[in-house]
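Observations on the model geometry
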Amino acid sequence: MMKKFFKYFTKLEWAMWSVAVVIITVGFAVTNERSVLSYLSSLAGITCIIVNAKGNVIGQFVSIAFGALYGGYAYTQRFYGEMIIYFALMIPIHIISIYTWIKNNYNGKAREVKVNTLKKWEYAVTFVGSAAVTAAFYFLLRALNTDNLIVSTISLTTSITAAYLMFRRCEYFSICFIANDIVLIILWSMKLPTAGLQVLPSIMCFCAFFVIDVYSFYSWRKIRKRQNALPQAQNPAPEEANEELAEHEN
């Protein structure tokens, strides 16, 4: 079982995860003002992205853990927008996604979801809905005296759009998460003057998120291409698919 577990992830995926862990751990170790919540949420975050990049439903469970840890840490830093995003929106979406991903698995294998292709009208509804939710939450965040209100509001827009597209099994969720990573790097960097270096692991975490989310988009496009190229009956498992696809192309 352990051998299958290690082989399930590619060498590149193990390398990205390992480097990210080292960077985040070093960032945690060198700071005088350490936050365990920041560190643990960072580790959970990079893990869930790597697993989600495989289209594996287990990534949704890890995402729930990340949301709880990150939301708690955001609260301690008065980033109420981030707290609300994860506790009120992201965690419920991840819970629902567990059901939809299992229901829409590829060839009866829960470890790989069937990549979905959305219609143009659904993209339009997604972005209009995200804009409406953002506008409503802006006034709530302002009433709560949220730090860095504008950036927090932008983070809400990218987060909720990414979460919905992920729930719908659309590969473009990673693009929205990439945008969200950039926003969050800016948001947490703005906290350095008041919170000190304890936010450094969070900044480094979202830098790692950016790189891994880019890979996640590439991975999902590759999965979709493979799923479309081979009938499900010919593709019993993700690790066998590469060999079958090679034979199919030849």
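Residues numbered from 1 in each chain as written. Predicted model: local features only at pLDDT ≥ 70, side-chain atom pairs only at ≥ 80, totals over all residues. Heavy atoms only, no water.

The next point concerns the packing of aromatic side chains. All chains considered together, the criterion is met by 22 aromatic pairs. On the numbers, 5.3 Å between centres and 15° between planes, the contact of Tyr73 with Trp188 is stacked. You can see Tyr73 sitting in helix α4 (residues 58-76) and its partner Trp188 sitting in helix α8 (residues 173-189), a full 115 residues away along the chain. Taken as a pair, Tyr73 and Trp188 share a single burial class, namely buried. When the centroid spacing of 5.8 Å and the interplanar angle of 40° are considered together, the rings of Tyr172 and Phe217 count as tilted. Of the two residues, Tyr172 sits in the loop between α7 (149-167) and α8 while Phe217 sits in helix α10 (residues 200-229), which places them 45 residues apart along the sequence. Judged by relative accessible area, which is 35%, Tyr172 ranks as partly exposed. (Phe/Tyr/Trp six-rings, centres within 6.5 Å; stacked < 30°, edge-to-face > 60°. Helix = DSSP H or I, 4+ residues; strand = E, 2+ residues; numbered from the N terminus. Buried < 20%, exposed > 50% of the residue type's maximum accessible area, 1.4 Å probe, protein only.)

Looking now at the environment of Gly71. Within the element layout of this structure, Gly71 appears in helix α4. The sequence separation of Gly71 and Met90 amounts to 19 residues, and the corresponding C-alpha distance is 9.9 Å.

Looking now at a nonpolar patch on the surface. A contiguous nonpolar surface patch, about 480 Å² in accessible area, is contributed by Ile182, Ile186, Met190, Phe210, Val211 and Val214. Here Phe210 is to be found in helix α10. (Patch = residues over 30% accessible without salt bridge, like charges linked within 9 Å, V, L, I, M, F, W, Y side chains within 5 Å. Areas by Shrake-Rupley, 256 points an atom, 1.4 Å probe, with all protein chains shown as cover. Salt bridge = Lys/Arg side-chain N within 4 Å of Asp/Glu carboxyl O.)

Here the structure, examined in full by the defined rule, presents 2 cavities of 30 Å³ or more. Taken as a whole, the largest cavity encloses approximately 180 Å³ of empty space. If you go around the largest cavity, you meet 18 residues; those closest to its centre are Cys48, Ile49, Phe66, Phe177 and Phe209. Contributions of two or more residues to the lining of the largest cavity are made by α3 (36-53), α4, α5 (80-103), α8 and α10. Looking at the lining of the largest cavity element by element, the count peaks at 5 residues for α8. (1 Å grid on protein atoms, 1.4 Å probe; cavity = no way out; pocket = protein on both sides within 12 Å on 5 of 7 lines; lining within 4 Å. Points joined across faces, edges and corners; volume = space filled by probe spheres on them.)

For the pair α5 and helix α6 (residues 120-143), interaxial distance at closest approach is 10 Å and the crossing angle is 130°. The angle between the axes of α5 and α6 places the two elements in the oblique class. For the pair α5 and α6, the sense of crossing is right-handed. Note on element contacts: α6 touches α5 through Phe137, Leu140 and Leu141, opposite Tyr80, Gly81, Ile84 and Leu89. Of the residues that constitute the contact of α5 with α6, the class distribution is 6 nonpolar, 1 polar and no charged. (Axes fitted to C-alpha atoms, helices over the stretch in contact; angles between N-to-C directions. Parallel < 35°, antiparallel > 145°, perpendicular 65-115°, else oblique. Left-handed = near helix turned anticlockwise from the far one by under 90°. Contact = heavy atoms within 4.5 Å. Nonpolar A, V, L, I, M, F, W, Y, C, P; charged D, E, K, R; others polar.)

Glancing now at the side chain of Lys191. Within the secondary structure, Lys191 sits in the loop between α8 and α9 (192-195). From its side chain, Lys191 meets the backbone oxygen of Gln77 in a polar contact 2.8 Å long. If sequence neighbours within four positions are ignored, Lys191 has contacts with Gln77, Phe79, Asp147, Gly196 and Val199. (Polar contact = N/O pair within 3.5 Å; in protein donor to acceptor, adjacent residues only side chain to side chain.)

The next thing to look at is the environment of Ser202. By the element assignment, Ser202 lies in helix α10. Given the relative accessible area of 2%, Ser202 is considered buried. In this structure the C-alpha to C-alpha distance between Ser202 and Leu43, which are 159 residues apart in sequence, comes to 9.9 Å. Leaving out residues up to four positions away in the same chain, Ser202 has contacts with Ser38, Ser42, Tyr73 and Trp188.

All right, on to the pattern of salt bridges then. Scanning the entire structure with this criterion turns up 5 salt bridges. The salt bridge partner of Glu13 is Lys54, with a shortest N-O separation of 3.3 Å. In this pair, Glu13 sits in helix α2 (residues 11-29) while Lys54 sits in the loop between α3 and α4, placing the two residues 41 residues apart along the sequence. You can call Glu13 buried: its relative accessible area is 2%. For Lys54, a relative accessible area of 15% gives the class buried. Across the salt bridge formed by Glu122 and Arg168, the nearest N and O atoms sit 2.5 Å from each other. In this pair, Glu122 sits in helix α6 while Arg168 sits in the loop between α7 and α8, placing the two residues 46 residues apart along the sequence. A relative accessible area of 8% places Glu122 in the buried class. Arg168 sits in the partly exposed class, given a relative accessible area of 22%. By sharing partners, the salt bridges in this structure join Glu171, Arg221 and Arg224 into a single network.

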